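# What the coordinates show
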Amino acid sequence: MDSKKQNKIAIGTLYGIAGLVVLILLALLGYILASGLPQLSWHFLTAPAKAFLKGGGVGVQLFNSFYLLILAMAISFPIALGAAIYLYEYARDNWITTTIRTAIEILSSLPSVVVGLFGFLFFVVKLRLGFSILSGAFALTFFNLPLLTRSIEDSLRTIDLEQREGGLALGLSRWETITRVILPAAVPSILTGVILSAGRVFGEAAALIYTAGQSAPALNFADWNPFNISSPLNPMRPAETLAVHIWKINSEGIMPDAKAISSGSSAVLIIAILLFNFAARYVGKRLYKRLTSA
Amino acid sequence: MFINNDVTRATAMQERHVVQPNDAGHPIILSTEGLHVFYGKKEALFEGDLQFGSNQITALIGPSGSGKSTYLRSLNRMNDRIATVTGKIMYRGVDINQPAIDVYEMRRRVGMVFQRPNPFAKSIYDNIAFALRLRGTTDKHELDEIVETSLKQAALWDQVKDDLNKSALALSGGQAQRLCIARAIAVKPDILLLDEPASALDPVSTSQLEDTLLDLKQHYTIIIVTHNMQQAARISEYTAFFNQGRVLEYDTTSQIFTNPQVQVTSDYVSGNFG
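The following refers to the structure shown. (Residues numbered from 1 in each chain as written. Chains lettered and ligands numbered in written order. Predicted model: local features only at pLDDT ≥ 70, side-chain atom pairs only at ≥ 80, totals over all residues. Heavy atoms only, no water.)

## A word on the overall build of chain A
- For chain A, the helix and strand inventory stands at 11 helices and zero strands.
- Counting helices and strands in the order they occur from the N terminus, chain A gives α-α-α-α-α-α-α-α-α-α-α.
- Split into buried and exposed, the 294 residues of chain A put 43% on the buried side.
- Looking at chain A alone, contacts between residues at least 24 apart form 74% of all its contacts between residues at least 6 apart.
- If you sum the accessible surface of chain A, you get close to 15,400 Å²; carbon and sulfur atoms cover 71% of it.
- A distance of 6 Å separates the average location of the 23 positive side-chain charges in chain A from that of its 15 negative side-chain charges. (Helix = DSSP H or I, 4+ residues; strand = E, 2+ residues; numbered from the N terminus. Buried < 20%, exposed > 50% of the residue type's maximum accessible area, 1.4 Å probe, protein only. Contact = heavy atoms within 4.5 Å. Areas by Shrake-Rupley, 256 points an atom, 1.4 Å probe, with all protein chains shown as cover. Lys, Arg positive; Asp, Glu negative; His and termini not counted. Charge placed at Lys NZ, Arg CZ, Asp CG, Glu CD.)

## Structural notes on the nonpolar core
- Counting residues in hydrophobic clusters, the biggest one holds 108 residues, and the most contacted among them are L151(B), I181(B) and L213(B).
- Broken down by element, this core gets its largest block of residues, 13 residues, from helix α3 (residues 59-90) of chain A.
- Beyond its immediate stretch of four places on either side in the chain, I181(B) contacts V113(B), A154(B), L192(B), L194(B), L209(B), L213(B) and L216(B).
- One finds V37(B), L50(B), M78(B) and V225(B) within the second-largest nonpolar core, a separate group that totals 34 residues. (Core = buried A, V, L, I, M, F, W, Y, C linked by side-chain atoms within 4.5 Å.)

## A short note on the sheet that holds strand β5 (residues 57-61) of chain B
Residue and element names in this part refer to chain B.
- The strand order β1-β12-β11-β5-β10-β9-β8 describes an open sheet built from seven strands, whose pairing is mixed. Either end of the sheet is taken by a strand with one partner, and the two such strands are β1 (17-18) and β8 (110-113).
- Note: β1 against strand β12 (residues 246-252), two bridges, orientation parallel. Bridge assignment links V18 to a residue of β12, and that residue is Y250. (Pairing = 2+ DSSP bridges.)

## So, the environment of I190(A)
Residue and element names in this part refer to chain A.
- Mapped onto the secondary structure, I190 falls in helix α8 (residues 174-202).
- Residue classification places I190 among the buried residues on the basis of a relative accessible area of 9%.
- Taking the C-alpha atoms as reference points, I190 and N225, 35 residues apart in sequence, are found 33 Å from one another.

## Description of the pattern of salt bridges
- Per the stated rule, a full pass over the model turns up 21 salt bridges over all chains.
- Of the charged contacts in the structure, one is a salt bridge between E105(B) and R108(B), with a shortest N-O distance of 2.9 Å. Of the two residues, E105(B) and R108(B) both sit in helix α3 (residues 103-109), three residues apart, roughly one turn of that helix.
- Under the relative-accessibility criterion, R108(B) is labelled buried at 14%.
- Of the charged contacts in the structure, one is a salt bridge between R133(B) and D126(B), with a shortest N-O distance of 3.1 Å.
- On the basis of relative accessible area, D126(B) is assigned to the partly exposed category, the value being 23%.
- When salt bridges that share partners are traced, they join D93(A), R101(A), E153(A), D154(A) and R157(A) into one network. (Salt bridge = Lys/Arg side-chain N within 4 Å of Asp/Glu carboxyl O.)

## Focus on the packing of α3(A) against α8(A)
All names here are of chain A.
- For the pair α3 and α8, interaxial distance at closest approach is 10 Å and the crossing angle is 140 degrees. Relative to α8, α3 is oriented oblique. Crossing of α3 against α8: the hand is right-handed. Residues S65, F66, L69, A72, M73, F77, L81, I85, E89 and Y90 of α3 touch α8, and the partners they reach there are R174, W175, I178, I182, L183, I190, V194, S197, A198, V201 and F202.
- In terms of residue class, the contact of α3 with α8 is built from 17 nonpolar, two polar and two charged. (Axes fitted to C-alpha atoms, helices over the stretch in contact; angles between N-to-C directions. Parallel < 35°, antiparallel > 145°, perpendicular 65-115°, else oblique. Left-handed = near helix turned anticlockwise from the far one by under 90°. Nonpolar A, V, L, I, M, F, W, Y, C, P; charged D, E, K, R; others polar.)

Given below as structure tokens:
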């Protein structure tokens with residue numbers, strides 16, 4: 001067979017595989033949206049869930065998902081950033097960093113249900129945080145930290161070594177070089193990593209079932225004092241998220257419109273992640289422009 | 001007769017020939033004594049005792065892997081953390097190769113421009129101004145003035161004066177390299193180290209860069225590593241020939257190119273190897 005023909009076959013096969021993947025994804029997305037979109041209404045998005053009756057919403061779950069996401073990100077991002085900077089910019093390659101990297105690799109492939117059970121035993125029981133947003137946020141931090149660290153480290157890797165030398169040659173310290181030269185240039189790439197991991201965190205259920213709990217007590221959205229038990233901001237209250245809600249309805253939901261609510265919730269979850277993606281990308285571009293005047 | 005002549009010439013050739021610059025009019029500003037550089041256990045530079053006169057251009061030439069870049073990068077301690085450098089680097093009477101030296105301050109005196117242009121992902125203006133701001137120059141007029149003078153000295157001002165707020169990443173290779181020079185001289189160094197600054201540039205940009213360097217000589221002492229022997233011949237007063245981690249010959253550029261005293265140098269400058 002001549003090489004021209006080989007090339008054609010190879011390209012055809014690759015196109016076929018890529019097309020198949022796109023097709024599967026579109027079919028999934030289409031199915032979720034087609035069965036979910038008709039359920040959506042303002043009432044559905046804002047009303048609290050009902051346990052036995054028709055017509056419940058996912059307002060509380062939606063809020064919980066975002067609140068948990070923000071908390072988990074607020075805890076894990078600084079740690080991941082610090083770890084990545086240390087690993088890539090400061091640490092020398094020796095057995096300590098090898099151990100850290102191996103640990104990160106193993107942690108990143110840990111099944112999320114194991115993270116959830118660990119979170120239950122450690123945060124919920126041992127540290128007596130109970131089923132709470134805080135327990136959930138810590139569990140999600142454990143779940144998120146390895147991947148986020150890896151992705152930030154990869155972002156730093158994409159910035160040329162010459163950029164660092166350029167900074168040092170101007171008499172900047174390593175820290176100044178990192179904060180003034182490397183990080184601004186790495187922002188878009190870091191942000192992409194953050195978005196991807198935020199999507200994972202937003203859709204995570206198994207790690208939260210045993211930590212943030214499966215109940216969503218009614219919230220008083222007029223009360224923003226985080227110390228009140230019915231306040232949405234109270235980090236010590238149990239908080240069922242959207243993903244956990246979907247799992248729960250499908251496994252033990254006894255309301256008559258369980259299927260409809262599950263479809264609607266799934267659509268909301270997907271749309272929220274999509275919106276989050278677009279928004280973050282937009283912000284990333286703006287931020288990069290401001291930092292680099294590109 | 002001819003054969004005899006060749007033999008006498010060969011015996012007259014030396015192993016090593018070093019003539020340090022005459023410091024009349026150009027006081028020695030930088031010199032190295034007993035410099036050795038190790039990458040791990042591997043020794044990359046065995047000896048390099050050189051002196052550099054101020055406001056002159058010295059070229060470091062030699063085949064790949066001869067240690068010339070390693071030597072250059074040791075001069076402003078860019079090899080810290082990468083290699084072990086022993087020996088003395090005397091800058092204005094102070095040994096800057098000792099732990100007590102503030103390397104960040106020292107690097108502002110001994111600036112460096114690299115092989116590949118490395119403008120930061122910032123505006124043209126900020127590429128030059130941000131290091132100054134970090135060191136406390138915040139006055140807008142003062143910054144504007146330094147940016148302008150630096151760009152003029154690097155012969156880039158006329159091309160970019162209307163685009164100072166545009167990204168430096170949009171500049172061509174030659175312009176980007178000039179920006180890097182402007183950036184390096186903005187912090188007012190004494191010495192400018194250049195590590196093959198023209199190797200990524202086209203011939204026109206290269207010759208412009210050489211003109212710029214000849215102008216800069218009035219204000220700075222320039223040490224340049226180059227693979228291009230014509231370049232060394234065109235712009236430098238002194239040339240050091242490196243081979244296998246040693247300085248084999250150091251003399252005025254005209255001596256090195258017209259009357260080399262070491263056989264290897266002669267082979268190298270006449271293009272027989274390297």
